[in-house]
Amino acid sequence: MRLMSIALLALAGCSPKKVPVEEISGRVDLDDTAAAPIVVSEADWNSWRGPSGNGIAADQEVPIRWSETENVIWKAKVPGRGHASPTVVGDQVFLASADERAETQFVVALDRSNGQQRWQTQVNQGGFAREVHAKGTQANSTLACDGEHVFAAFLHHDAIHVTAISIDGEIAWQTTVGAFNSKFGYAPSPLIYKTSVIIAADNRGGGYIAALDRSTGEPIWRKRRGAVSTYSSPIVGHVDGKDQLLITGGDAVTSYDPATGEEN
């Protein structure tokens, strides 16, 4: 009996902590004239997989050969460690990174023409997730930029936090989107849609997808998803005559109305 009691206690202790997700109902203002303009060009790469979300750069010649010097314009050292892709808007290159020893997460801006650092803005100190994949980092999510602000999503203090930083490096707002029970860390990248920035956070404690007002950080809507750890970034596609917010996770592809969060 003693052995059975010890085994049951051990199994109970391995169960991930579940945090109920409070849903929020709202609607993104679909009148584009009411939103701050998204000022990016075809020569910019303003979010994960580019402005169209499909990984295609329009009308650009890409070098197919390079070496230490051939087809290399500049090289720059980046502080910290991260797996985020570079975001390129206007004359700057933005990167998310983290110093794992100091437990800081930050955004770095480099000059697009020469790689010189323009600014570095710290958005968090401490509270790093202890359960992270050995090959992962504390800065996996690629930044999104609307031409005025850079939006960064980081996991720390057992929650997903989003920060809006001006293109000059000043923090405009910070908000907590929801709790997050880490298994291998956090990976989804923010998605800009009209007046909102959309954040996905599937996790074993209780997943969710949410839209924030990109001017203020105020929640617009938040919808509950399954308590399963997945790592996909959402995209918006114009499918069947309407915009659809699409994401893979939990052994399914799910479509939502990006204006309301209601499942299609």
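Just so it is clear, the model here is predicted, and its values are computed rather than measured. For every chain, the first residue of the written sequence is number 1, and numbering continues from 1 onward in sequence order. Predicted model: local features are reported for residues with pLDDT of at least 70 only, side-chain atom pairs are reported and counted for 80 or more only, and whole-chain, interface and lining totals are derived from all residues. With hydrogens and water excluded, all non-hydrogen atoms of the structure serve as input to the side-chain values.

(A) Spatial organisation of the pattern of salt bridges. Each salt bridge in this description consists of a side-chain nitrogen of Lys or Arg and a carboxyl oxygen of Asp or Glu lying within 4 Å of one another. With the rule as written, the count across this model stands at 12 salt bridges. Residue Arg65 pairs with Glu70 through a salt bridge whose shortest N-O separation is 3.4 Å. Here Arg65 falls in the exposed class, since its relative accessible area comes to 55%. Residue classification places Glu70 among the partly exposed positions, given a relative accessible area of 33%. The closest approach of N and O atoms between Arg204 and Glu131, which form a salt bridge, is 2.8 Å. Residue Arg204 is found in the loop between strand S10 (196-200) and strand S11 (208-213), and its partner Glu131 is found in the loop between strand S4 (117-125) and strand S5 (144-145); the two are separated by 73 residues along the sequence. Note on Glu131: relative accessible area 43%, which makes it partly exposed. Linked through salt bridges whose partners overlap, the residues forming this network are Asp91, Asp111 and Arg118. Relative accessibility under 20% of the residue-type maximum defines a buried residue, over 50% an exposed one, and the middle range a partly exposed one, all with a 1.4 Å probe and only protein chains included. Helix and strand definitions follow DSSP, with helices as H or I runs of at least four residues and strands as E runs of at least two, each counted in order from the N terminus.

(B) Inspection of the packing of aromatic side chains at higher detail. Two rings from Phe, Tyr or Trp (for Trp, the six-membered ring) form a pair when their centres are within 6.5 Å of each other. A pair whose planes differ by under 30 degrees is stacked, one over 60 is edge-to-face, and the rest are tilted. Under the defined criterion, the tally for this structure stands at three aromatic pairs. The interplanar angle of 40° and the centroid separation of 6.1 Å between the aromatic rings of Phe151 and Trp173 together place this pair among those described as tilted. Here Phe151, found in strand S6 (residues 149-156), pairs with Trp173, found in strand S8 (residues 171-179); they are 22 residues apart in sequence, far enough to count as distant. Grouping residues by exposure puts Phe151 and Trp173 together as buried. Considering the side-chain rings of Phe180 and Tyr186, the 5.4 Å spacing of their centres and the 85° angle between planes classify their relative orientation as edge-to-face. Per residue, the accessibility class of Phe180 equals that of Tyr186, and both read buried.

(C) Structural context of the environment of Gly127. Here Gly127 lies in the loop between S4 and S5. Assessed through its relative accessible area of 28%, Gly127 is described here as partly exposed. Gly127 sits 76 residues away from Asn203 along the chain, and the two C-alpha atoms are 17 Å apart. If we ignore the near neighbours within four places in the chain, the residues touching Gly127 are Glu103, His156, His157 and Asp158. By definition in these notes, contact holds between two residues if any of their heavy atoms fall within 4.5 Å.

(D) Quick look at the sheet that holds strand S12 (residues 219-224). With antiparallel pairing, four strands are arranged side by side in an open sheet as S9-S10-S11-S12. Every other strand in the sheet has two partners, leaving strand S9 (191-193) and S12 as the edge strands with one partner each. Here the average twist between neighbouring strands, direction ignored, is 20°. Sheet topology note: the S9/S10 ladder contains three bridges and is antiparallel. Looking at S10, one finds that Tyr193 is bridged to Ser196. Two strands qualify as a pair provided that DSSP identifies no fewer than 2 bridges between them. Geometry is summarised by axes, namely lines fitted to C-alpha atoms with helices restricted to the contacting stretch, and by angles between N-to-C directions that run from 0 to 180 degrees.

(E) Highlighting the nonpolar core. By size, the foremost hydrophobic cluster in this structure holds 20 residues, and its most contacted members are Ile160, Val162, Trp173, Tyr186, Ile199 and Leu212. Every element with two or more residues in this core is listed here: S6, strand S7 (159-166), S8, S10 and S11. The contacts of Val162, once residues within four sequence positions are left out, are Ala152, Ala153, Trp173, Gln174, Thr175, Val177, Ile199 and Leu212. Remark: nonpolar core denotes a set of buried residues (Ala, Val, Leu, Ile, Met, Phe, Trp, Tyr, Cys) joined through side-chain atoms within 4.5 Å.

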